Amino acid sequence: MRQIHPSLALLAGAAKRKNWSGLLKQMEAALRKPAWLRAEHRVGDPTGYMRHLLYVDPHGDFVMTAITWLPGQVSPRHGHQVWCAFGVAEGELTEEQFDPQLNTLKTSVLKQGDVADRDLDGKIIHRVANRGTAPLVSLHLYGVSAERLTTGINKYF
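Residues numbered from 1 in each chain as written. Predicted model: local features only at pLDDT ≥ 70, side-chain atom pairs only at ≥ 80, totals over all residues. Heavy atoms only, no water.

A short note on the confidence of the model for the protein
Argument step 1. Here the protein averages 95 in pLDDT, and 99% of its residues register 70 or above.
Argument step 2. Across the protein, the secondary-structure element scoring lowest on mean pLDDT is strand 9 (residues 154–156), at 88, and the one scoring highest is strand 5 (residues 92–98), at 98. (pLDDT = per-residue confidence, 0-100. Helix = DSSP H or I, 4+ residues; strand = E, 2+ residues; numbered from the N terminus.)

The following block contains the structure:
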């Protein structure tokens, strides 16, 4: 794993300290001017969204990923087992949020620089989609170790 991109270092520091207001501020900055976004982060997978690992906290407290969504790709409806914060680096993301009975609470369209509602206590149930015609890249932080990245984040409904 490469060292963290300098434009993400303050974001990682806020995540490490669980400074949620600082995390929001630093995430907005990282999304408004995504200097960290490289060509390989824009590579998608036609079979489903593709995660690109950006940073792994050396103590296993969190990971930072860029997720590429090709047009029409949609996540399953899910919640999180760990804290989560995400926003849009490039493109347009549609997020639907649901109540515990799986009724739609709201639908939001997020554009570059927008940060979604933070899920710090695992209570949000949502579905994320690229309903546009161009690829989408979102930046995600999860309070999980890299070893549990594929198995320790989501709970499905």
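Some details on the environment of histidine 126
Argument step 1. Mapped onto the secondary structure, histidine 126 falls in strand 7 (residues 125–129).
Argument step 2. Each C-alpha atom, one on histidine 126 and one on serine 75, is 8.8 Å from the other, the two residues being 51 residues apart in sequence.
Argument step 3. Residues within four places of histidine 126 in sequence aside, it is in contact with Pro76, Arg77, His78, His80, Phe86, Glu95, Glu96, Gln97 and Phe98. (Contact = heavy atoms within 4.5 Å.)

A closer look at the environment of leucine 8
Argument step 1. Here leucine 8 shows up in helix 1 (residues 6–17).
Argument step 2. Residue classification places leucine 8 among the buried residues on the basis of a relative accessible area of 1%.
Argument step 3. Put simply, leucine 8 and leucine 54 are 46 residues apart on the chain and 9.1 Å apart in space, counted from C-alpha to C-alpha.
Argument step 4. Apart from residues lying up to four places away in sequence, leucine 8 is in contact with Ala30, Trp36, Leu54, Met64 and Leu139. (Buried < 20%, exposed > 50% of the residue type's maximum accessible area, 1.4 Å probe, protein only.)

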